[in-house]
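Chain residues, written in single-letter form:
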Amino acid sequence: MTFKHLAFTSALSALRGALALTTIAACSSDHAPPDAAEPAAPLAPAALDPAERSTERAADTPIYLNRRYSPEERAADLVSRMTLAEKASQMVSSQAAAIPSLGIPAYGWWNEAAHGVAREQVNHGGNPPNTVNTTSYPVDLSLGSTWNPELMYREARMISDEAREIFRDNKLDLNVYAPTINLARDPRWGRNDEAFSEDPVLTAAIAAQFVNGMEGKDQRGRPLPEGRGYLKVNTTLKHYAANNSEFNRRRGSSDMDERTLREYYTAQFRDVIRAADPASIMSAYNRVNGVPVAASIQLKEVLARSTFGFRGFFTSDCDAIREIQAGHRWQPPGYPHPLDAVERHAFAAVAGEDLNCNWGYHDRFSYANTLPDAVARAIPTPTGIFNENDVDPLVTRLFAARMRLGEFDDDARVPWVTQARARVAPGTWLNSDDNGAITETPERLAMAREVGAEAIVLLKNSETRRKDGSTGKLLPLRVPRRGAFRLAVIGTYANPAEVFLGGYSSDQGPAGNAKTVNGYSGIKAAVQAINPDAAVDFYPGVTPETLAEVDAASVAAAADYDVVVVYVGTDGRHSREDVDRTTLDLPGAQAELIRQVTAQNPSTIVYMETVGQMDVGSFEPGVAALLWSSYNGQRKGEALADVLLGAAGPSGRLPFTWTTNLSDLPPIDDYAVRPTASSLGRTYMYFQGPVTYPFGHGLSYTSFRYTRLRADRQRVDANGALRVSVNVSNAGRVAGAEVVQLYVSTPDAPASLERPRKRLRAFQKISLRPGETRRVSFELPVADLAFFDQAQGRYTVDAGTYALQIARSAADEDIEEQTFVTVTGALRPTAAVATAKPQIVGDHDLGIQQRVFFPVGAEIDPQLTVSLTDETLYGYITKGESRPLPAGMRVSFRSNRPRVVSVDRRGTIRTEAPGVATVTASVEYRGATATVDFVIYVRST
């Protein structure tokens, strides 16, 4: 079958008749850029003043330097001027080559800023060097513990400001490989400190605000007016997908059913895409169900782009394309042999891997030196014979991303450039300690402190008999304003020579270390600010470095103090990228240290700063006050002191389930989440084993009361929505922050459906004064309660009873208020996402999947794909796979430059004259409209 226009029939009239399709042609000004059809549409060029408008209309101004064209149009024009070898040279991370004849500088795509600016790719080849003396904030898992997306947003704005200040010329290398949004579904995973949570909803809510803050958008994903249409920094969601075990990440396969893939391992990617429109996504090293992600058309093109609506570029993990061959030794189904070095790059390219991060586990091959060979060899791929048309969309997406950052425009016109230069004069920042840590400003350090305090989770604060004989809770710590007071801080992690900041951290030289506050220093300063006569002393607790033995002198000294803080932890020796944990025990003799100190002094507070959960069973019963955070940033000592002394009430909540027994978990390479005959399942949604602390758990210095839970209706259609509200009161004597958690369960669902115990659907963090009451409301579309039905290949909503639970955690005993509603009916899906892969009518048999460049006089087949809200796909899906559009779906096309590309009354798209135009396809179905813009560059020959 010839897939003309919507990939179903060779005659548009037959298509219209068969599908009740109406195609309408509409044209706009011959010069105006295409309108933004959705809030998250690609950024339009900034407004021009009259003088600039006149200049940019000059006939000798190339399109790629003309701000009246969209970033995509300008990128297409720039790419049209390159040879195949030049195109390929731009598709590598370390670095993309300079092309002086076109004014293109070398560009480093691999830069790091997960929790502060950490690396910039300024060298050709090799990993990017660390930055020196840039602000280091708490790691992602600490951010997840705050349950505060707004706080994440404010921090991300500061990180991106600092990136603009220090990266080359304030406008190069502005793509960062962050945030990590893989889910912390197993405590042994070596990179749990890089994850936000085990839960997709919590992860997406926080990660979306990282993207928005970094890229220069508001919290709803709309470009900030002060950016004048430019992005501040490009972010990269990683690692897509199901990349949650280190020991086999380069050779293993994450195997699961489609329901698990959709509901769990990719749900957070989908939600961040829709909430924040991120610039890029990193594909993972691993295989998913046997196919390397770097070569997966299904995961990247079909799921991320066509289904979720991702519009940015894909980058490989470093070197995930190499691992197609070296780690996986992958032989595609039906292919005569495992892929060689050239073939692996061709297969990655046709799967939509735009950028090759080419320096990690590298060999001598990359996109730069294989794609021209792949074209010359006419390598057969799943989309046809590999050709230069396969390269064009990829490199065009990369340059569109650079255009949005303002790299090719006058610096004075790009606010992010001028603002950064006003803060830090050009040429005054060096990547060495000679920079004086000038970008570690008081405001940024205060943010690190604020985030660190909100990240700390108070796990336990029991009534106890104190050392002085009185009875009560140890926290908040009461320090007398005068007189004798003695406090010991015990534990080598409290006062190290250099604090551990987590993976992907900047280096701190002497100037940066001078602005860093470790645990002991922070506690001492805070206590002595209250009582200058107080004695605050440090003891190592265990042998430094090895942690192997308890220091007897430290334990003996503990008995002489009014209060003891035992500070224990982990670091990169115990868990990191490439290294999973095999035990959850505190390293070395730290657990024994806690037991011995608490035996000496009952007024002992324990703080754990670790990669994730630890086994606390051997010491927790004897500890009255227990706090936890992950690696808590450059001002961790101040943050801890703020919580210990009550300057900041503890408001952190666990973003993961603190399981009791490691033996209750399935093997780390088992990617199922639901229980089986041999597994107790994973996460609070499914885990059936004992739990020490539940997901969402965290105590406060005050108490909160919930009353008057209401749902605005008791019966609701599957296509409707609920408004759920509850009163929250601060019933204590001090101010505090509470995380109001809304869970939903299906109590009457049959066991055969394997529904979760409950699911977090919404949350809100609020601060209340003593005695204050606030009404908290949640809007809950019933469609958000859908489950993926594998048999039907779509999301469906179960009819029946749903429990709406307002709770302090995911544990049933922490349910504060509960009500029930009945859901009826079935989902009536509407249009959600439209995508296009334009090509010339009649070229399908040539194996050309998608074009950017077209000759004059060509008829264009847009090859539209439409995703509905239940995630079903219609239209062109992949080569050889298509599905007729539903009856009643209406499609229209509009060209912004009809003299270049025309659309007639029948919807036929034709190239008319050399130039570039954007065609907008609008798909209307059941009252909702999805749009997609695609660029047609028309060559003169």
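A brief structural summary. Each chain carries its own residue numbering, running from 1 in the direction its sequence is written. Only residues with pLDDT of at least 70 get local features here, since the model is predicted, and only at 80 or more are side-chain atom pairs given and counted; chain-wide, interface and lining totals rely on the full set of residues. To get the side-chain values, all heavy atoms of the structure are used, and hydrogens and water are removed first.

1. Describing the nonpolar core
Condition: By nonpolar core is meant a set of buried Ala, Val, Leu, Ile, Met, Phe, Trp, Tyr and Cys residues that side-chain atoms within 4.5 Å join together. Burial classification: accessible surface area is computed with a 1.4 Å probe over protein chains only, and a residue below 20% of its type maximum counts as buried, one above 50% as exposed, and the rest as partly exposed. By the criteria applied, helices consist of DSSP H or I runs no shorter than four residues and strands consist of E runs no shorter than two, each listed in order from the N terminus.
L78, Y240, Y367, F386, F399 and L760 are the most contacted members of the largest nonpolar core, which totals 130 residues. Broken down by element, this core gets its largest block of residues, 9 residues, from helix α7 (residues 200-215). The next biggest cluster of nonpolar side chains, apart from the first, holds 63 residues, and it includes V489, A494, A591 and M608.

2. Here's the deal with the packing of α7 against helix α9 (residues 267-276)
This is how the line gets drawn: Axis geometry follows a simple rule: fit a line to the C-alpha atoms, using only the stretch in contact for helices, then measure angles between N-to-C directions, giving values from 0 to 180 degrees. Handedness of each helix crossing follows the sense of rotation of the near helix against the far helix: counterclockwise by less than a right angle gives left-handed, clockwise gives right-handed. Contact criterion: two residues are considered in contact whenever any of their non-hydrogen atoms come within 4.5 Å of each other. All amino acids are sorted into three groups, where Ala, Val, Leu, Ile, Met, Phe, Trp, Tyr, Cys and Pro are nonpolar, Asp, Glu, Lys and Arg are charged, and the leftover types, Gly among them, are polar.
At a closest axis distance of 8 Å, the pairing of α7 and α9 adopts a crossing angle of 40°. Our pair here, α7 against α9, has a crossing hand that is right-handed. Of the residues in α9, those in contact with P200, T203, A204, A207, A208, V211, N212 and E215 of α7 are A267, Q268, D271, V272, A275 and A276. For the contact of α7 with α9, the class distribution of residues is 9 nonpolar, 3 polar and 2 charged.

3. A few points about the sheet that holds strand β20 (residues 704-711)
To be explicit about the condition: In this description, strands pair whenever DSSP reports at least two bridges between them.
Judged by pairing direction, the sheet is antiparallel, and its 3 strands sit side by side in the order β20-β22-β25 without closing on themselves. With one partner strand each, in any of the chains shown, β20 and β25 (773-781) form the two edges of the open sheet. Looking at each pair of strands side by side, their axes are set apart by 20° on average, direction ignored. Relative to strand β22 (residues 721-730), β20 runs antiparallel, the two sharing 6 bridges.

4. Digging into the state of the cysteines
Worth spelling out the cut-off: Note on terminology: disulfide denotes any pair of cysteine sulfur atoms within 2.5 Å.
Across all of its chains, the model carries 1 disulfide by this definition. Each sulfur of the disulfide joining C318 and C357 lies 1.8 Å from the other. Looking down the S-S bond of the C318 and C357 bridge, the torsion is 80°, so its handedness is right-handed. One end of the pair, C318, is in the loop between β7 (313-316) and α11 (320-326); the other, C357, is in the loop between α12 (341-350) and α13 (367-377), and 39 residues separate them in sequence. Residues C318 and C357 agree in their burial class; the two are buried.

5. A few points about the sheet that holds strand β2 (residues 236-240)
Spatially, β2-β4-β7 is the arrangement adopted by the 3 strands of the open sheet, whose pairing is parallel. The sheet is open, and its two edges are formed by β2 and β7, each paired on a single side. Pairwise comparison of adjacent strand axes, ignoring direction, gives a mean angle of 25° for this sheet. The pairing of β2 with strand β4 (residues 280-283) spans 3 bridges and is classified as parallel.

6. Some words on the packing of helix α8 (residues 258-265) against α9
Inclusion rule: Convention used here: angles under 35 degrees read as roughly parallel, angles over 145 as roughly antiparallel, angles from 65 to 115 as roughly perpendicular, and any remaining angle as oblique.
Remark: α8 packs on α9, axes separated minimally by 5 Å, with the N-to-C direction vectors making an angle of 45°. What the angle tells us is that α8 and α9 run oblique. Of the residues in α9, those touching α8 at L261, R262, E263, Y264 and Y265 are A267, Q268, F269 and R270. When grouped by side-chain class, the residues that make up the contact of α8 with α9 number 5 nonpolar, 1 polar and 3 charged.

The quantities given are spatial measurements derived from coordinates; they are silent on function.
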